[in-house]
Structure formats: structure tokens, C-alpha cells
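The residues making up each chain are set out below.
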Amino acid sequence: MSVLLIRLTLTSATALIWMIDISTSAQVGQSFNVLYVNEARNPVADKAVEVALSFIRRSSHLGIHVDNFSQVKADSQDPRTFLNALCDKYNNSLRQGKPPHVVLDTSLSGVISEAAKAFSAALALPTVSASYGQDGDIRQWRNLDGEQQKYLVQISPPGDIIPEIVRSIVMMNNITNAGILYDNSFVVDHKTKSLLQNIPTRHIMAEVEDLDSIRHQLTRYRDLDIVNYFILGRLSTIKAVLDIANTNKFFSKKFAWHAITKDKGLLKCGCTNATLIFVKPEPDSALKERLANLRTTYTLTAEPEIDAVFYFDLTIRTLLAIKGLFESGEWPKNMSYISCDDYNEDSQPRRKDLDLRKFFKQVSEPPSYANLVVESNGHSFMEFSLHLERVTIVNSQSVSAEPLSTWKASLNAPPILLKDSASINNFSAITVYRVVTVLQNPFVMKVLDKNGKETDKFQGYCIDLIEEISKMLGFEYDIYIAPDNSFGFMDENGQWNGMIKELIEKRADIALGSLAVMAERENVVDFTVPYYDLVGISILMKKPKIPTSLFKFLSVLEKDVWLCILSAYFLTSLLMWVFDRWSPYSYQNNREKYKDDEEKREFNLKECLWFCMTSLTPQGGGEAPKNLSGRLVAATWWLFGFIIIASYTANLAAFLTVSRLDTPIDSLDGLSKQYKIQYAPLQGSATMTYFFRMSQIETKFYDIWKEMSLNDNLSEIERAKLAVWDYPVSDKYTKMWQAMKEAKMPATLDEAVKRVRDSPSSSEGFAYLGDATDIKYLAMTNCDLQMVGDEFSRKPYAIAVQQGSPLKDQFNNAILQLLNKRRLEKLKETWWTLNPEKKMCEKQDDQSDGISIHNIGGVFIVIFVGIGLACITLALEYWWYKYRKPAVTKVTVGQWREPNKLDMSNKQLREHDFIRGLAADYAGLQSRHSIHALNPRRNLIHPVPTVDQ
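In this text, all values refer to a predicted model and were calculated from it rather than measured experimentally.

1. Points about the overall build of the protein
And then number 1: Scanning the protein from terminus to terminus reveals 30 helices and 28 strands.
And then number 2: The proportion of buried residues among the 949 residues of the protein is 46%.
And then number 3: Taking the contacts inside the protein whose residues are at least 6 apart along the sequence as the reference set, 73% of them involve residues at least 24 apart.

Pasting the structure below:
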């Protein structure tokens, strides 16, 4: 025994070898000797083996008799003590002439299990082991040769296979992180690396013993951002873990829970509202009757039931395999044994053709729970099934248990046989990221309800962006506003605020908003690729209101001038009428002289008014007076009109042009060079930081130049090179910074907009300097504000994550895909071009545009008024002619008599000429159409008024 102990501790010694010959003929009635090895922490095996021996005794059809049953139990984890006890028991059996035909090893794992394996391998004892461990996990059996593997057989217990379902669930749901808690009913030490090997899943495994350890591990897992939890243990352990998880608010859509046990029974916990996947073993339906018989007849009631039945079947099959060896004649006729004291490491005993594994596989006795798969060591196990169901617990009561699927035990992560693919695929913990943001239109805005009140929901460009990314990467998010609604700036002490502070202190996973990429920010957080164009600083000013008037063309001349022109018009018309009336050379006083002229115009008062009016137009006034005095008046009026019209036209063009050229400020330089308009950014904003730093840089440059210029160590030539007439360093930003401090920076954007609106005009008051997107949105949604000048100090917008976060690469890929799909352009169009808050403002006059209708529309009014007056006049003429006409006398053409013209007045002469012409025209019409022959009544001319003498 001491020699074997020395060998197990890597020390060599010598011993004598003696042989004991036991022939098969000595075995009467198939009696077998068994050396049973177990440890105190596996009481289930003891009870199951005891039931198996009872079953053998009562089942004569098996043809097995256990003659010598030697049992060794390890009460501690001291391998030396255990080996001493094992060797004592073994040596006693040799002295009694009853050496073990087989060693039944139900030790679990660790040093005791390794010691038992070393014992059986060194003494070449046929062994069936039920220890935990997969291929290569049992060190003492790691390098067995082919002959040793035939009689040194390992069958993995159910507790070694059940954890493999974790791998199947992780693979099926693509879980990226997992926290595994287990109690001492499972042995998973050897699975720390192998369980999720070659799967990109960050996982942690820890054993829990009491409530304090459970609470500690849960807190630790949450701090490590573990959201998928697996509990391997008894129902009591699962209940304790779930109760603590419920107390610490671990049940939400962010977490997924899986409870895996070997026990029978229902899942219980004091949870308020919890849903989890419950996994427990289930015997094959064809074997339930046999299992029930073992439970009632042979009192196989040890728990967990699956372990008890496994050890029961293992014992039966082991003895039946030994029986098969004997019956087939393959058991060695001269089976030799050596004691522990006689063991020599240099001449270890060897067994040949002792194929216990083959006969173990060929046993025909039906299993009691599930079939045993017998392959090589580390690949042999009970092929049981696990039942998965979704359990919902509300107020400590299980309200539903929905069957989901079954899982066939295997070491190769077999797929889970789902009844409904969506039932478990969507159960994995939803990845929920904490997103901190800042309210800024139109990037992040609160949704308003029907009453115009803010709700807890958000909308905007960035909200749509994170929604697109979440769909691509498969996560959800919780948004909250930064405590100070600030993007994040560093003070003089290096301390941050706003969204950047939330990332640094790990209260948020993502900073979302119009966050500009800055060098100091990149030192403490990571930025994704930009998702928005370069955005700079711009100027917000009050939009100038250019006064418009439909009759602006009348304002070219003053009212006094228009009155003088009107007076001159009436005076000239009156004089022309008087001169034509009294001049002996006028037409109305010399009709016989001008009777042969084609144009005969009598300048009465109406004709004079018409002549003077039309003379001012390109159409002209028509025939001029015949008398010289009248023509002098007309010529004077023409000259007057020409000068007035030329002056009016020139002044109208100049007047309209000058009013449109009045542009107060169009750039930052223009703003900095004036003093009527105050300007400032928001207090504590990035724009304020920009101007402050630019002024500091100018000051530093000036100090450097001054130091160089006043350096006494310079030579005259070197100092002369620094002498310049102009100031070599600009002080633009220094002056602007001073002006900003004097103007007092607004604390909020609303305050800044109010100060801009309160400006008396666009050429005096207040201008706001800020983010170009803010100003662009304000100008888009307010018709009284405008964005002035080009942007400067342009920077990209990006999403920020914690430094070293894997989200950076994931978001980069997602944003690039959105760029390629032109989704970002569509978002920009949605929230800028098609924004429902966008105002359709009146177009402001521009120098490149023509004169607007607001300034020239009065001309059209003049037309409409003139047409209206003409229509009224026509109505009056028709009324006068119809209802005020005198009596008429009907005469025929043949009855017409030429009156004596000498007896007629001027009026009568005009009427005479009119009637005479009308009669002649009518007579000609009759002759052309032969009216006389067709209708004699048409010889009558139209009735004409009787001439009053």
C-alpha cells in the first residue's frame, strides 16, 4: 500500500510481487466481487447502489450474485487518507481470496476522483467510473492506451451533461454575455473554459452557497453589464437567487433568466412579476412505468431522481457486463492481482483483451430513465431529455407554464427542438443601452400630446438615427436627458459636465445628439464616424423689414410736386381752351378755312383736358391746335411733360434700387467692425469656448511678437526685420470677446432669441452667435429671424460612447451602411426640408430679383380703376341715350332736304353734317346689297333727333 501511495505522489519504491490465481471454475453461480468507491458529498449514489443490489437479489433472471461488496467512502478531500482506506479495503479482499472483479467508482471530481482513477489504472483493475469530466478532463486517465481504455470505462453523469444546454441556448439566441450561477449539486469546475469555448460570448461562472454570496455575485454581474443569467442548482437554490434578483429589480426586458435543475417539482419564487425559462429533466415516456415500479417496489426515491436512476442503471449494467465477459469466455482464466504494498511502478500490471467496454455496451437489460450512450471516455452519457417551459410568476404565484421545447442530451450542443421558433428565440435578454441626450431641435425633441404638453417620448433626427441602428444591431435603448442638458465641457480643473460626464462615470452607454467632435472630448470618450455634415458657427439676426407699398411709384415724388403737376395740368388745359375759344385763327372760329382738312378738331374744355393728358404718354396728344397761341401752350406743355417724365423714370429706378441695397451685416467681419449691434453666444457653450480660446491665442501671439521685438539680445538688423508699419497680429477675436462680455451672454437659447426679436431693427440691437443647426432651425421656423453669413469653425457631429467600448466599431459599421443606403439623406430631408414646423415665409427682396408686386402693384390697380370707371361711364351713356333722348322725325331718303347752312349755329352745323354723312352711308349700303328691291320699307333712314332752332 505504501508503494502505491509513493507512486501517486511521484515517488518510486520497490516491492515484491505475488500472484493470486483465480480461475473461472472457482466462480460458482456467477458470483462477483465489487469494490465500490464513493465520496461523502454524493449520498444519492449510495442509495441508488443499495437499491440496485436489492434489485439484483430479487431478480433471479439476471443470474448475478454479489459475493463480496467492499465499500470505500471519502469523508474528506485528503487523497492520502482516501488512498490508505482504499488500499486497506483492497488488500483485505486479496487476503480473503475475494479480489474485486470490477471497481464501481461514483466519485464526483477533484483530488478524490483523481486518486481513485490512479488506483485503478496502476493496479489494472477493471473499472466503471461515473465521475465528472469530458475528453481529457480526468488527468489520470488522460493518456490511456488502447488496452487500458477497454477496461477503464467512464460514463458521464447527468449533472455533467445538463450544463451543455446553456451552450445550445447561447448559440440559438446569439447571446453575447452570460452569467452562470451554480450550487454544489452541479460540478462545473472543469467546464469554465470548455462550456462556451469557440463562442463569442463573454461569460462568468460562480458558485453560490448562501444568500450573501448570491447577493454579491448578482451585484458583481450587473456591474459587469451581464444581462443573461443561468442558474444551475436545486429548486431551493433557484428560489433564493430569484428572490434576491426580484428585490434588486433584475426582472425587466433588459434581463433574461434561465433556471436549470435536476430536481422534480414546480418552480417557486417570491417574485412580483417575472418570466423565465425553466429547464428540468424528463424520463422517456416508454420507461415511465419501469421507473414508477422502481420507485414503489424498490423504494428508489433518492433525489435528484435522474441521478439516482443513473447510478442504479450503471450498477446493473456494470455487473451484467462482467457476467457477459464470463459467459463469453473473454474473462482471463488466470486473472492476476497485486496488492498496494507489492506495487512496482517500473513493472506495472497489464491487461490484454479485457474488453469491459464492449460488453457494457451490449447489455440488453432495459434502462430505467433513458438510454446510455457508450463511446470513448468523456463521450459516454445518459441520453435523457430536458423539458423547457416558459414560466410566468406574478405576486409569488405561477400563473402560466408554457411548454416550449425539448433538448436531447449531448456533448455537441445539439439544437433545441422548438414547438414554436419565436417562443424562445425572442426570450434572450434584450440588450438595452442607456442613452443620454440633450434637447435640441430638430435632433432631439419631446413629443407633444393633443393638449400641447410634453410627454416622455422623444422624436427627431437623432431618434430616427438610433432607431435605425438599433434595428441593425438588435438592441433597445432607454433615453434620458443629461442632468444639466449640456453636451459636455471641461472646466479649468479638468472636470466635465453634461453628456460627456455621464459617459465617463459610466451612467450612460451612448451619448446621442448634435455632439461635435472636439480634441479634448476625444481624450475621454470614443466617437463614431460622423453621421452629419460639418457644422460650424453662424449668426442669427432679426430679419429686416423692407417697407412695401402698392403705390410706391407715387412716393418717388413728394406730395407737393404731385399737386404742382396736377395744378399745371388743369391750368394748361384751361388756357388751351381759352386760347382756342378766343383766337380768330382757331378751327372753331375758321371752319370754312379748314373745311378741307382731314382732321378737324375743336378744342373745347373736354378736348383740352384729353389733349394734355395724352401728351404725357408715348401715344401722344393727337392733332395740335390750329392757332399759334394754342400751339405755344401745347409746346410748353410737351417740354414740361418730357422733363417731368424723364425725371420720374430716373428717380423711380434709383429709388427702388437703393431701398434693396440696404444690407446691414453679411459676415462675421462685418459684425466685428460695427458697434450698433451687440452680439454674444450662450454662456458656457462651445461657441463661447471658441471665441475665448481664439482671443487667448491672439494674446499669446501678441506676447510672443512683443517679446521678440523688445529682445535686447537682437542685433540692429534682426530688430529691423521685426519692425513693420502694420500690426502683425490680428486682434479681431480679442475685441469680439470683449464686446461679448460687455453685451452679457444669454443663459439660454430662448433668452438669446428674445433679445434678437426685441432688436429695433436689423441694423441695431442684438445678434446671436451659435451652432449653425440651431440658427438654421430657428430661421426655418420663424419668419422674423434670419441666418447671416457663412459658417466658420466647422466640426462634424458624431455619436459618443465610453472609452474602449465595443459599440464604437458596431456603430461605425451601422452608420456606414446607412450612408451607403442614403438613409441619412432621407432623415435630413424629413427633419429639414419636410419638417412640419417649417414656415412658408414671404420671400425677402433680393438684389438679384426684380421689383416685387408689393411695390408695383398699384399700377395694376390704376388699370382696374380705369376700366371700372369706363364701365360706369358706358352705363351712364346708355341710360342717357335711352331714357333722355328727344322726339324724332322719320324721313325717307327721298324726302331729305338740304338745309340752309347760313342759318345754322355751330351746333346745328355739326348735327347737320352728322345726319348728312349717316344718310349717305346708309344709301351706299342699300345700293350694295339691293335692299330697294327686297324691302321698300328699308328706304327709311334711322330716326334722328329733330334739330332745335
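Next comes the rest of the write-up.
2. Looking at the sheet that holds strand β23 (residues 677-680)
The strands making up a sheet are joined through hydrogen bonds of the backbone, oriented either antiparallel or parallel.
And then number 1: Ordered in space as β23-β24-β22-β25, the four strands form an open sheet in which the pairing is mixed. What marks the edges here is a single partner per strand, and that holds for β23 and β25 (785-797). Neighbour to neighbour, the strand axes of the sheet diverge by 20° on average, direction disregarded.
And then number 2: Inspection of the sheet shows β23 paired to strand β24 (residues 765-771) by four bridges, in the parallel sense. Bridged to Tyr679 within β24 is Ala767.
And then number 3: In the packing of helix α25 (residues 772-781) onto the sheet, the strands contacted are β22 (532-542), β24 and β25, and the crossing angle to β22 comes to about 55°.

3. Section: the pattern of salt bridges
And then number 1: This model, assessed by the stated rule, comprises 31 salt bridges.
And then number 2: A salt bridge links Asp307 to Lys262; the shortest N-O distance between them is 2.8 Å. Of this pair, Asp307 sits in helix α11 (residues 305-328) while Lys262 sits in the loop between β9 (256-260) and β10 (273-282), and the two are 45 residues apart along the sequence.
And then number 3: The class for Asp307 is buried, based on a relative accessible area of 6%.
And then number 4: Residue class for Lys262 comes out buried when judged on its relative accessible area of 5%.
And then number 5: The partner of Glu330 in a salt bridge is Lys358, with the nearest N and O atoms 3.1 Å apart. Within this pair, whereas Glu330 is found in the loop between α11 and α12 (356-361), its partner Lys358 is found in helix α12, the two being separated by 28 residues in sequence.
And then number 6: Taking relative accessible area as the criterion, Lys358 reaches 31% and is therefore assigned partly exposed.
And then number 7: It is possible to trace a salt-bridge network through shared partners that takes in Asp160, Glu164 and Lys191.

4. Quick word on the sheet that holds strand β1 (residues 31-39)
And then number 1: Judged by pairing direction, the sheet is parallel, and its five strands sit side by side in the order β2-β1-β3-β4-β5 without closing on themselves. Two strands bound the open sheet, and with one partner strand each, they are β2 (65-74) and β5 (152-154). When strand polarity is set aside, the average angle formed by the axes of neighbouring strands in this sheet is 15°.
And then number 2: As defined by bridge partners, strand β4 (residues 127-129) adjoins β5 across three bridges and the pair is classed as parallel. Counterpart to Ser129 in the pairing with β5 is Gln154.
And then number 3: Across the sheet, helix α3 (residues 79-95) lies against β1 and β2, angled at about 160° from β2, the strand it touches most.
And then number 4: The strands that helix α4 (residues 110-122) touches are β1, β2, β3 (102-105), β4 and β5; relative to β1, the one it contacts most, it runs at about 150°.

5. Regarding the environment of Gln459
And then number 1: Tracing the sequence through the fold places Gln459 in strand β18 (residues 454-459).
And then number 2: The exposure class of Gln459 is partly exposed, given its relative accessible area of 32%.
And then number 3: Separated by 12 residues in sequence, Gln459 and Val447 place their C-alpha atoms 6.2 Å apart.
And then number 4: With near-sequence residues (within four places) excluded, Gln459 lies in contact with Phe443, Val444, Met445, Lys446, Val447 and Trp831.

6. As for a nonpolar patch on the surface
And then number 1: On the surface, Ile697, Phe701, Ile704 and Met708 cluster together into a nonpolar patch covering about 370 Å² of accessible area.
And then number 2: Within the secondary structure layout, Ile697 lies in helix α21 (residues 686-709).

7. Notes on the pairing of strand β8 (residues 228-232)
And then number 1: Counting buried residues in β8 gives five out of five residues, a clear majority hidden from the surface.
And then number 2: Every second residue of β8 is oriented toward a common face, with Asn228, Phe230 and Leu232 on one face and Tyr229 and Ile231 on the other, all of them buried.
And then number 3: Where strand β6 (residues 177-182) and β8 come together, four bridges link them in parallel fashion. Directly across from Gly179, in β8, lies its bridge partner Tyr229.

8. Looking at α11
And then number 1: Between the first and last C-alpha of α11 there are 34 Å, a value that for 24 residues agrees with the 34 Å anticipated at 1.5 Å per step.
And then number 2: Looking at the residues trailing α11, positive phi occurs at Gly329, about 80°.

9. Description of the side chain of Ser410
And then number 1: Here Ser410 shows up in the loop between β14 (397-408) and β15 (417-418).
And then number 2: Beyond its immediate chain neighbours, meaning those up to four positions away, Ser410 contacts Ile161, Glu164 and Phe381.

10. Thoughts on helix α9 (residues 235-247)
The α-helix winds at 3.6 residues per turn, so residues separated by three or four positions along the chain end up facing the same way.
And then number 1: The terminal C-alpha atoms of α9 lie 18 Å apart, and with 13 residues this matches the ideal 18 Å at 1.5 Å per residue to within 8%.
And then number 2: Where the residues of α9 are buried, they touch β6, α8 (211-223), β8, β9 and β10.
And then number 3: Of the residues trailing α9, Lys249 is marked for its positive phi of about 60°.

11. Structural notes on the environment of Arg507
And then number 1: Mapped onto the secondary structure, Arg507 falls in the loop between α15 (498-504) and β20 (510-512).
And then number 2: With relative accessibility at 37%, the residue Arg507 sits in the partly exposed group.
And then number 3: Here the alpha-carbon distance between Arg507 and Arg434, two residues 73 residues apart in the chain, equals 7.5 Å.
And then number 4: Those residues in contact with Arg507 that lie beyond four places of it in its chain are Arg434, Tyr480, Lys501 and Glu502.
And then number 5: Within the structure, Arg507 has its side chain in polar contact with the side chain of Glu505 (distance 2.3 Å).

12. Quick notes on the packing of aromatic side chains
And then number 1: Overall, the coordinates contain 36 aromatic pairs when judged by the stated rule.
And then number 2: Ring centres 5.9 Å apart and planes at 15° place the aromatic pair Phe475 and Phe811 in the stacked group. Of this pair, Phe475 sits in the loop between α14 (461-473) and β19 (476-481) while Phe811 sits in helix α26 (residues 807-820); the two residues are 336 residues apart in sequence, bridging distant segments of the chain.
And then number 3: Three or more aromatic residues joined by ring pairs form one cluster here, namely Phe443, Tyr461, Tyr531, Tyr532, Tyr777, Tyr797 and Trp832.
And then number 4: Here Arg317 stacks its cationic end above the ring of Phe360, 5.4 Å away from the centre of that ring.
And then number 5: A cation over a ring is seen here: Lys776 above Trp832, with NZ or CZ 4.7 Å from the ring centre.

13. A few points about the confidence of the model for the protein
And then number 1: Put simply, the protein has an average pLDDT of 82, and 83% of its residues get 70 or more.
And then number 2: Across residues 888-896 the pLDDT falls below 50, and counting only partners more than four positions away or on other chains, this stretch makes 16 contacts in the model.
And then number 3: Below pLDDT 50 for its whole length, residues 925-949 participates in 36 contacts with residues either more than four positions away or in separate chains.

14. Describing the state of the cysteines
And then number 1: Scanning the model with the defined rule gives three disulfides in all.
And then number 2: Each sulfur in the disulfide pair Cys87 and Cys340 lies 2.4 Å from the other. Torsion about the S-S bond of the Cys87 and Cys340 cystine: about -85°, corresponding to left-handed handedness. Taken together, the residues span a long stretch of sequence, with Cys87 in helix α3 and Cys340 in the loop between α11 and α12 at a distance of 253 residues. The two residues Cys87 and Cys340 agree in class, both being buried.
And then number 3: Covalent S-S linkage joins Cys269 and Cys271, the inter-sulfur distance amounting to 2.1 Å. A torsion of -140° about the S-S bond marks the disulfide between Cys269 and Cys271 as left-handed. A single burial state applies to Cys269 and to Cys271, both of which are buried.
And then number 4: Taken in N- to C-terminal order, the disulfide-linked cysteines of the protein are connected 1-4, 2-3, 5-6.

15. A look at the side chain of Ser380
And then number 1: Structurally, the position occupied by Ser380 is in the loop between β11 (372-373) and β12 (381-382).
And then number 2: Filtering out sequence-adjacent residues up to four positions away, Ser380 remains in contact with Gln154, Ile155, Ser156, Arg357, Val373, Val374 and Glu375.

16. A closer look at the nonpolar core
And then number 1: Ranked by internal contacts, the top residues of the largest apolar core, which has 115 residues, are Phe82, Phe119, Phe230, Leu356, Phe384 and Leu388.
And then number 2: Among the elements that take part in this core, α11 stands out by supplying 14 residues, more than any other.
And then number 3: By size, the runner-up hydrophobic cluster in this structure holds 36 residues, among which are Tyr461, Ala516, Tyr532 and Leu807.

Criteria and thresholds
- Residues numbered from 1 in each chain as written.
- Predicted model: local features only at pLDDT ≥ 70, side-chain atom pairs only at ≥ 80, totals over all residues.
- Heavy atoms only, no water.
- Helix = DSSP H or I, 4+ residues; strand = E, 2+ residues; numbered from the N terminus.
- Buried < 20%, exposed > 50% of the residue type's maximum accessible area, 1.4 Å probe, protein only.
- Contact = heavy atoms within 4.5 Å.
- Pairing = 2+ DSSP bridges.
- Axes fitted to C-alpha atoms, helices over the stretch in contact; angles between N-to-C directions.
- Salt bridge = Lys/Arg side-chain N within 4 Å of Asp/Glu carboxyl O.
- Patch = residues over 30% accessible without salt bridge, like charges linked within 9 Å, V, L, I, M, F, W, Y side chains within 5 Å.
- Areas by Shrake-Rupley, 256 points an atom, 1.4 Å probe, with all protein chains shown as cover.
- Expected span 1.5 Å × (residues − 1).
- Polar contact = N/O pair within 3.5 Å; in protein donor to acceptor, adjacent residues only side chain to side chain.
- Phe/Tyr/Trp six-rings, centres within 6.5 Å; stacked < 30°, edge-to-face > 60°.
- Lys NZ or Arg CZ within 6 Å of the ring centre and 35° of its normal.
- pLDDT = per-residue confidence, 0-100.
- Disulfide = S-S within 2.5 Å.
- Core = buried A, V, L, I, M, F, W, Y, C linked by side-chain atoms within 4.5 Å.

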